[in-house]
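# Commentary on secondary and tertiary structure
Residue strings, one per chain:
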Amino acid sequence: MRDTVSALLNLLLLKETLRSLNSRQRTERKGSEMGSASSADRMIYLYVDGRIQKVVFSRFCSPCDIKELFCTATGLSRNTTISLLDSTGAMVSIDPTMPNNTESSPYKVVPITGGQLADKEELFQNVLTQVAEQFSRAFKINELKTEVTNRLAMLEKRVELEGMKVVEIEKCRSDIKKLREEMASRNNSSFLDENKKLTPRRDVPSYPKYMLSQQTIDALRKPAFDVWLWESNEMLSCLEHMYHDLGLVRDFNINPIMMKRWLLCIHDNYRNNPFHNFRHCFCVTQMMYSMIYLCNLQV
């Protein structure tokens, strides 16, 4: 019986000892955590209205948070722009890594007035203006901007003109197509019946015939054709070739002899003046002929 009681007492004593050890370990753990937390804090002393103000903040605070804390400690608005001075008057950066100080060497918080801010902004604007001018001189930004603007204007004008040309060309093609369809609907592209064709009432007009070479035919289809190199009989032969080449004689069933008479009549009735003469007539006709080929209007 005594052995049983002794064993129970020993168990109770051991249980109480274990409970005491666990309590001590918890206390030591809390103390170590508080110690590590306190080691992460910073203490800064400020001189505020003749007294020393102690400010404690975490190492993980942002510079903005520390600045607001200093403003609150000195009775300033949280949005006030401030600077921090040490005992020698040197400026101290406001951030978590700022140097430690003591009560005997407190920092002084100095609010920056509107005039100082305006001076700084004006100085900053002057620096920016000078930098912009230097960049402008170095890279010729103004000249480049003017050149780009002029080129864009030229391109827009060219696109507008090209668009107008396309519209005009399509309109000419449409008009020519309608004219051909109208002519084809009139008795197989013939104005007169076979039995009512006119017969020449006199012989073919005689003028020195000029035989066109292939080089002349090719040059005649270009706007740069020189009209000043040709005599009257040569211009008449070139006009006759244009009408045959465009298919007008065939499509309109024109009598070749009648066409020669018509061309010669035009030649004879032009007055001999400096500008509106037969050469001017040939020049305009040749330019229209070359534009038809240049714009592919010969449908």
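Throughout what follows, the structure given in this document is the object of discussion. (Residues numbered from 1 in each chain as written. Predicted model: local features only at pLDDT ≥ 70, side-chain atom pairs only at ≥ 80, totals over all residues. Heavy atoms only, no water.)

All right, on to the packing of helix H6 (residues 232-245) against helix H8 (residues 256-269) then. Close contact between H6 and H8 brings their axes to 11 Å; oriented N to C, the two are set at 135 degrees. Taken as axis vectors, H6 and H8 run oblique relative to one another. Of the two possible hands of crossing, H6 and H8 adopt the one that is right-handed. Contacts from Ser232, Leu236, Leu239, Glu240, Tyr243 and His244 in H6 reach Met259, Lys260, Trp262, Leu263, Leu264 and His267 in H8. (Axes fitted to C-alpha atoms, helices over the stretch in contact; angles between N-to-C directions. Helix = DSSP H or I, 4+ residues; strand = E, 2+ residues; numbered from the N terminus. Parallel < 35°, antiparallel > 145°, perpendicular 65-115°, else oblique. Left-handed = near helix turned anticlockwise from the far one by under 90°. Contact = heavy atoms within 4.5 Å.)

Looking now at the packing of aromatic side chains. Scanning all chains against the criterion turns up 6 aromatic pairs. Ring centres of Phe225 and Trp230 lie 5.4 Å apart, and the angle between their planes is 10 degrees; this geometry places the pair in the stacked category. Assessed through its relative accessible area of 10%, Phe225 is described here as buried. In this structure Trp230 comes out as buried when scored by relative accessible area, which is 13%. Through a chain of ring-to-ring contacts, the aromatic side chains of Phe225, Trp230 and Phe282 assemble into a single cluster. (Phe/Tyr/Trp six-rings, centres within 6.5 Å; stacked < 30°, edge-to-face > 60°. Buried < 20%, exposed > 50% of the residue type's maximum accessible area, 1.4 Å probe, protein only.)

This brings us to the sheet that holds strand E2 (residues 51-58). Pairing in this open sheet of 5 strands is mixed, and the strands run E2-E1-E5-E3-E4 from one edge to the other. Looking at which strands have only one partner, the edges of the open sheet turn out to be E2 and strand E4 (91-92). As judged from the 8 bridges shared by strand E1 (residues 41-48) and E2, these two strands associate in the antiparallel manner. Bridging across to E2, Tyr45 finds its partner in Lys54. Sheet contacts for helix H2 (residues 63-73): E1, E2, strand E3 (82-85) and strand E5 (107-111); angle to E2, the most-contacted strand, approximately 155 degrees. (Pairing = 2+ DSSP bridges.)

All right, on to the environment of Val110 then. Residue position: Val110 is located in strand E5. Each residue touching Val110, except ones within four places of it in the same chain, is listed here: Thr81, Ile82, Ser83 and Leu85.

With that settled, the discussion passes to the pattern of salt bridges. One pass over the structure, following the stated rule, counts 8 salt bridges. Notably, a salt bridge pairs Asp175 with Lys171, separated by 3.3 Å at the nearest N-O pair. Separated by 4 residues within a single helix, Asp175 and Lys171 lie in helix H4 (residues 141-184), roughly one turn from each other. Judged by its relative accessible area of 48%, Lys171 falls in the partly exposed class. A cluster of three or more residues bridged by salt bridges with shared partners is formed by Arg180, Arg250 and Asp251. (Salt bridge = Lys/Arg side-chain N within 4 Å of Asp/Glu carboxyl O.)

Of note, Ser105 is situated in the loop between E4 and E5. In terms of polar contacts, Ser105 uses its side chain to reach the side chain of Thr102, at 3.1 Å. (Polar contact = N/O pair within 3.5 Å; in protein donor to acceptor, adjacent residues only side chain to side chain.)

What follows deals with the side chain of Asn101. In this structure, Asn101 sits in the loop between E4 and E5. Using a relative accessible area of 9% as the deciding quantity, one classes Asn101 as buried. Here Tyr45 takes part through its backbone oxygen, which lies 2.8 Å from a polar atom of the side chain of Asn101.

Ranked by size, the top nonpolar core spans 18 residues in total, and within it Leu220, Phe225, Leu239, Met242, Phe282 and Tyr289 carry the most contacts. Looking at this core, the elements that each hand over two or more residues are H6, H8 and helix H9 (278-294). Among the elements that take part in this core, H6 stands out by supplying 5 residues, more than any other. For Leu220, the residues in contact, after removing those within four places along its chain, are Leu212, Phe225, Cys238, His241, Met242, Phe282, Gln286, Tyr289 and Ser290. Counting residues in each nonpolar core, the second largest holds 15 residues, with Phe57, Ile94, Tyr107 and Val109 among its members. (Core = buried A, V, L, I, M, F, W, Y, C linked by side-chain atoms within 4.5 Å.)

This part takes up the pairing of E3. In the sheet, E3 pairs with E5 via 4 bridges, with the strands oriented antiparallel. Of the residues in E5, the one forming a bridge with Ile82 is Pro111. Of the pairings in the sheet, the one linking E3 to E4 comprises 2 bridges and is antiparallel in character. Of the residues in E4, the one forming a bridge with Leu85 is Met91. Between the antiparallel neighbours E3 and E4 lie 5 residues, among them Gly89 with a positive phi of about 90 degrees.

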